[in-house]
Number of protein chains: 2
Amino acid sequence: MSEKNTTTPSIQLPEPTLRRLPWYLAYLSTLRNADVEYISTTRIAEALDVDPSQIAKDLSFLGIRGKTRIGYQVEALEGKLRDFLAFDRRHYAVIVGCGSLGAALLADKGLERYGLDIVAGIDVNPGLTGTQLNGVPVYSPDHTAEIVASCHVSIGILAVPVETAQAAADSLAAAGVKAIWNFTPSRIRVPEGVVIANTSIYSHLAVMYNRLSLLDQ
Amino acid sequence: MSEKNTTTPSIQLPEPTLRRLPWYLAYLSTLRNADVEYISTTRIAEALDVDPSQIAKDLSFLGIRGKTRIGYQVEALEGKLRDFLAFDRRHYAVIVGCGSLGAALLADKGLERYGLDIVAGIDVNPGLTGTQLNGVPVYSPDHTAEIVASCHVSIGILAVPVETAQAAADSLAAAGVKAIWNFTPSRIRVPEGVVIANTSIYSHLAVMYNRLSLLDQ
């Protein structure tokens, strides 16, 4: 269950804006660590190679406006962004498919720092069920609904082979998850009302290889 | 070094097309495993929830056209896509930052299946240098240029903390990599002629959390 944000009302932001906000947050954290107190839109724009008017627009969605000449107060802006992005709140997740990529995601402590708490792994392999991977217990798919309900799981992470991606997504949706984070290179369909996020890291490889092949010419 | 594609001339495809091609490939592999011989654009479109005219357009970039009524021959289309996407060729890479995310990427055998061969890890931590992670040797940053040159490395994978992302990217570029795959939530700048691919998995979390918070309302 994703806890409700008590300070900032939830508003639907355009996806490109949402993707840029973590860049701003990362940059502001660096500035705060370096004891910088104020930062202008122009400086953020230079550092991140984003248009200054785009930054002002993105932040205005959150009701944040800089002061003329002074800009933004670094720590306050960082706090507002962290709060809005909900990285400080816990979002419970299960990961379906604990093979190579699934196990890798379980090993990434970074996800925890961004508010994602993976409470269980689910795998068809009887050699894995009953064991723990990085301290996370692995169950057979029969237990999906039970775990989702008892652990307030809102997010199902898909890291299964392409062939079983849709079936795994179907059983996650049936178990009651509210969002599916799809790491497979496959497209999946979800019932209406279920959020789908696709992170196909292999698709990014396709783009990179193509651009590299053009350099060679 | 990314070997040159000998069969298909390299052409610059739009990024959205390049991102969809691996979906088609994944679907075709599933069909071939199920001994399906021919597939129509309409069927692909239904399975992947992509507009049929979009699919025809994407494939025509590769000079592939289906036959009226019959559609595409599954195995031939799969082969052409695999060839074009260069997943069967080896692209040598180093990974800078062998902490949580870096080690996770080293553990993902999936990358190897998509043509990415990570030959070395690079880390500032003296506790890691000289060791192996999943069979991959870890070196100190002093050895970056030497490894890039001797192992024909074309891709540098960035998995360092935000604070050191730009500096690490700079030394990768100086060492001669042709592409940087940035997994940090930070924006980085690269010299002209160096390909940059951003895969900020945490940005996808930002989008997912926002969409989830709207469901709660």
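These numbers were taken from a predicted model, which means no experiment stands behind them.

Could you clarify how one ought to interpret the sheet that holds strand β4 (residues 116-122) of chain A in this entry?
Within a sheet, each strand pairs with its neighbour through backbone hydrogen bonds, oriented either parallel or antiparallel. All names here are of chain A. With respect to topology, seven strands assemble into an open sheet ordered β5-β6-β4-β3-β7-β8-β9, the strand pairing being mixed. Where the open sheet ends on each side, the last strands, each with one partner, are β5 (132-133) and β9 (195-198). Sheet topology places β4 next to strand β6 (residues 136-139); two bridges connect them, and they run parallel. From the neighbouring strand, Ile122 faces β6, where its bridge partner is Tyr139. Running over the sheet, helix α5 (residues 100-107) touches β3 (91-96), β4, β5, β6 and β7 (155-158) and is turned about 155° from β3. Sheet contacts for helix α8 (residues 165-175): β3, β7 and β8 (179-182); angle to β7, the most-contacted strand, approximately 170°.

Any chance you could explain the environment of A:Asp83 here in plain terms?
Residues and elements named next belong to chain A. Tracing the backbone shows Asp83 in helix α4 (residues 74-85). The exposure class of Asp83 is partly exposed, given its relative accessible area of 24%. Separated by 129 residues in the primary sequence, Asp83 and Leu212 have C-alpha atoms spaced 39 Å apart.

It is not clear to me how the interface of chain B and chain A should be interpreted in this structure. Could you clarify?
Many analyses report the size of an interface as the accessible area lost when the parts associate. The interface of chain B with chain A comprises 72 residues on the first partner and 72 residues on the second. Of the roughly 6,600 Å² buried between chain B and chain A, counting both surfaces, carbon and sulfur atoms make up 63%. Looking at the side of chain B facing chain A, the largest losses of area belong to B:Arg187, B:His204 and B:Tyr209, adding up to 12% of the total buried there. Our count for the chain B to chain A interface comes out at zero salt bridges. Our count for the contact surface shared by chain B and chain A stands at 26 residue pairs in polar contact (both at pLDDT 80 or more). Among the secondary structure elements, those contributing two or more residues to the side of chain B that touches chain A are α1 (15-33), α2 (41-48), α4 (74-85), α5 (100-107), α6 (110-113), β8 (179-182), β9 (195-198) and α9 (201-215) of chain B. Looking at the side of chain B that touches chain A, the element that brings in the most residues is α9(B), giving 15 residues. For the side of chain B that touches chain A, a count of residues per class yields 41 nonpolar, 18 polar and 13 charged.

Explain the packing of α1(B) against α4(B) to me, please; I cannot follow it from the model alone.
A pair of packed helices is characterised by two quantities: the angle between their axes and the separation of those axes. Residue and element names in this part refer to chain B. The contact between α1 and α4 brings their axes to 9 Å, and the two run at 140°. Judged by the sense of rotation from one axis to the other, the crossing of α1 with α4 is left-handed. Only Val74, Glu75, Leu77, Glu78, Leu81, Arg82, Phe84 and Leu85 of α4 make contact with α1, whose side of the interface consists of Leu18, Leu21, Pro22, Tyr24, Leu25, Leu28, Ser29, Leu31 and Arg32. A per-class count over the contact of α1 with α4 returns 12 nonpolar, one polar and four charged.

Just to check I follow, could you spell out the domain arrangement of chain A for this structure?
Its domain assignment divides chain A into domain 1 (15-84) and domain 2 (91-204). With centres defined by C-alpha atoms, the gap from domain 1 of chain A to domain 2 of chain A works out at 32 Å.

Please explain the relation of the copies chain B and chain A as it appears in this structure.
Note: a rotation about an axis with an accompanying shift along it relates these two copies of the chain. Turning chain B through 180° and shifting it by 0.0 Å along the axis lays it on chain A, with an RMSD of 0.0 Å. With respect to symmetry, the two chain copies, as superposed, fit the operation of a two-fold axis. Nearest to the rotation axis, the C-alpha of B:Ala104 is located 2.1 Å from it, this being the minimum over chain B. Both copies present the same face, since 100% of the interface residues in chain B are matched by interface residues at the equivalent positions in chain A.

Quick question: what am I supposed to make of helix α1 (residues 15-33) of chain A here?
The periodicity of an α-helix, 3.6 residues per turn, causes residues three or four positions apart to be oriented the same way. When the terminal C-alpha atoms of α1(A) are compared, their 28 Å separation across 19 residues agrees well with the 27 Å that a helix rising 1.5 Å per residue should span. One or two residues past the end of α1(A) sits A:Asp35, with phi positive at roughly 60°.

What am I meant to see in the packing of aromatic side chains here?
Geometrically, a pair of aromatic rings is defined through the distance of the ring centres and the angle of the planes. Evaluation of the coordinates by the stated rule reveals eight aromatic pairs over all chains. Ring centres 4.7 Å apart and planes at 50° place the aromatic pair A:Trp181 and A:Phe183 in the tilted group. There is no split in this pair, since A:Trp181 and A:Phe183 are both buried. Ring-pair connections join several aromatic residues into one group, and the members of that group are A:Phe87, A:Tyr114, B:Tyr202 and B:Tyr209.

Rules used throughout
Residues numbered from 1 in each chain as written. Chains lettered and ligands numbered in written order. Predicted model: local features only at pLDDT ≥ 70, side-chain atom pairs only at ≥ 80, totals over all residues. Heavy atoms only, no water. Pairing = 2+ DSSP bridges. Helix = DSSP H or I, 4+ residues; strand = E, 2+ residues; numbered from the N terminus. Contact = heavy atoms within 4.5 Å. Axes fitted to C-alpha atoms, helices over the stretch in contact; angles between N-to-C directions. Buried < 20%, exposed > 50% of the residue type's maximum accessible area, 1.4 Å probe, protein only. Buried area = accessible area lost by both parts, 1.4 Å probe. Salt bridge = Lys/Arg side-chain N within 4 Å of Asp/Glu carboxyl O. Polar contact = N/O pair within 3.5 Å; in protein donor to acceptor, adjacent residues only side chain to side chain. Nonpolar A, V, L, I, M, F, W, Y, C, P; charged D, E, K, R; others polar. Left-handed = near helix turned anticlockwise from the far one by under 90°. Domains from an automatic or database assignment. Least-squares fit on C-alpha atoms with pLDDT ≥ 70 in both. Expected span 1.5 Å × (residues − 1). Phe/Tyr/Trp six-rings, centres within 6.5 Å; stacked < 30°, edge-to-face > 60°.

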